[in-house]
Every structure is written in structure tokens, then in C-alpha cells.
Amino acid sequence: AAAKKRVRKKGVSTKEFTRQLLYLLRIAVPSLFSRAAGLFGVQFVLLVMKTLVTVRCSRLCVYFLTRAIAQGSWKYWVRWLVNYCGWMAGGVAVNTGLKYVEAQLELEVRRALTVHAHAKYMGRNRFYEVS
């Protein structure tokens, strides 16, 4: 019987990917009290808030719209509109904060990786020794 050739997948394994990711995270987030760690924490809180706003807005919209349609009541239509606008304003604020924090986090991670690369490869003219 002919032996089957194993086709190797291109790319890195999950274990290797995890190792590389942890290496980069240690560079980007040197300590729990660094700016990047704080930004990751704020991003987590904003993502949780976004989820809660979405769930709460959906529940209230279903409640008030169901009541408005079932009872034909303008009172519930107005309540739905006011609630919807209020929750959407909160959602806009959370999304804007999330975009801002993500941009700041991107800049912070790039800065940390650049500082690390310069310290490792540009210190004491190592670049000229290599080339």
C-alpha cells in the first residue's frame, strides 16, 4: 500500500500563534498599571456597556411597540419614541467612546512596539553592524 503523504498546512499552529501573541502582548502591555492596560480595561467596560444598551433598548422597544400596537395608544407610541431616542443617544456616546479608545489603544501599541524595536535593533548602532 502506498503511504499517504501528509499535506502540511501553511501558516503557524495554534500553539505557535499563542506564543507569538503573548510575546507581543508582553511588549505592548509591560505591566498591569501601564497606559495600554488601562485602555484595554476601558475598552472592555465600553464593550459591556454597548451590549447592555443594545439589550435594554431592544427589550423596551418590543415592550412599548407591542403595547402601542395592541392598544392603539398614542401614549405608548410617544413613550417608545422617547425611550428609543434616549437609548440611542446613550448608544452613540458609547460607540464614540469605543472608537476613541480603540484609536488610542492602536497608537499606544504601535508606540510600544516601535520603542521595543528601536531599543533592540537600533541601540549602539547595531543596525550598521548587521548591514
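Quick caveat: nothing in here was measured; it's all calculated off a predicted structure.

Caption draft 1: Up close: a nonpolar patch on the surface. A cluster of nonpolar side chains, contributed by Val12, Phe17, Leu21, Leu22, Leu25 and Phe40, occupies part of the molecular surface with about 510 Å² of accessible area. Tracing the sequence through the fold places leucine 25 in helix α1 (residues 14-28). The exposure class assigned to leucine 25 is partly exposed, which follows from its relative accessible area of 35%.

Caption draft 2: Seen up close, helix α2 (residues 35-71). Helix length check: α2, at 37 residues, gives a terminal C-alpha distance of 53 Å against a target of 54 Å (1.5 Å per residue), a fit within 8%. Those residues of α2 lying buried are Ala36, Ala37, Leu39, Gln43, Leu46, Val53, Cys57, Leu60, Cys61, Phe64 and Ala68. Summarising the contacts, the buried residues of α2 are in contact with α1 and α3 (74-121). Positioned one or two residues after α2, glycine 72 has a phi angle of 60°, which is positive.

Caption draft 3: View of the packing of aromatic side chains. Counting across every chain of the model gives four aromatic pairs. On the numbers, 5.1 Å between centres and 70° between planes, the contact of tyrosine 63 with phenylalanine 64 is edge-to-face. Take tyrosine 63: its relative accessible area is 39%, and that puts it in the partly exposed class. Taking the relative accessible area as the measure of exposure, phenylalanine 64 reaches 8% and is therefore buried. On the basis of an interplanar angle of 20° and a centroid distance of 5.6 Å, the ring pair of tryptophan 80 and tyrosine 84 is categorised as stacked. Note that tryptophan 80 and tyrosine 84 are positioned in helix α3 at a spacing of four residues, about one turn of the helix. Look at tyrosine 84 and you get partly exposed, because its relative accessible area is 34%. Each residue in the set Tyr63, Phe64 and Tyr76 is aromatic and connected to the rest through ring pairs, giving one cluster.

Caption draft 4: Region of the structure containing the packing of α1 against α3. As a packed pair, α1 and α3 sit with axes 8 Å apart at the nearest point and diverge in direction by 95°. Here α3 runs roughly perpendicular to α1, going by the angle between their axes. Contacts between α1 and α3 involve Tyr23, Leu24, Ile27 and Ala28 on the former and, on the latter, Val109, Ala112, Leu113, His116 and Lys120.

Caption draft 5: Quick look at the pattern of salt bridges. Applying the stated rule across the entire model yields four salt bridges. Across the pair glutamate 16 and arginine 19 runs a salt bridge, and its minimum N-O distance is 2.6 Å. Pair noted here: glutamate 16 and arginine 19 are both in helix α1, with a separation of three residues, about one helical turn. Given the relative accessible area of 26%, glutamate 16 is considered partly exposed. A salt bridge links glutamate 108 to arginine 35, with the nearest nitrogen and oxygen atoms 3.3 Å apart. Of the two residues, glutamate 108 is situated in helix α3 and arginine 35 in helix α2; the sequence distance between them amounts to 73 residues. What makes arginine 35 partly exposed here is its relative accessible area of 46%.

Thresholds applied
Residues numbered from 1 in each chain as written. Predicted model: local features only at pLDDT ≥ 70, side-chain atom pairs only at ≥ 80, totals over all residues. Heavy atoms only, no water. Patch = residues over 30% accessible without salt bridge, like charges linked within 9 Å, V, L, I, M, F, W, Y side chains within 5 Å. Areas by Shrake-Rupley, 256 points an atom, 1.4 Å probe, with all protein chains shown as cover. Salt bridge = Lys/Arg side-chain N within 4 Å of Asp/Glu carboxyl O. Helix = DSSP H or I, 4+ residues; strand = E, 2+ residues; numbered from the N terminus. Buried < 20%, exposed > 50% of the residue type's maximum accessible area, 1.4 Å probe, protein only. Expected span 1.5 Å × (residues − 1). Contact = heavy atoms within 4.5 Å. Phe/Tyr/Trp six-rings, centres within 6.5 Å; stacked < 30°, edge-to-face > 60°. Axes fitted to C-alpha atoms, helices over the stretch in contact; angles between N-to-C directions. Parallel < 35°, antiparallel > 145°, perpendicular 65-115°, else oblique.

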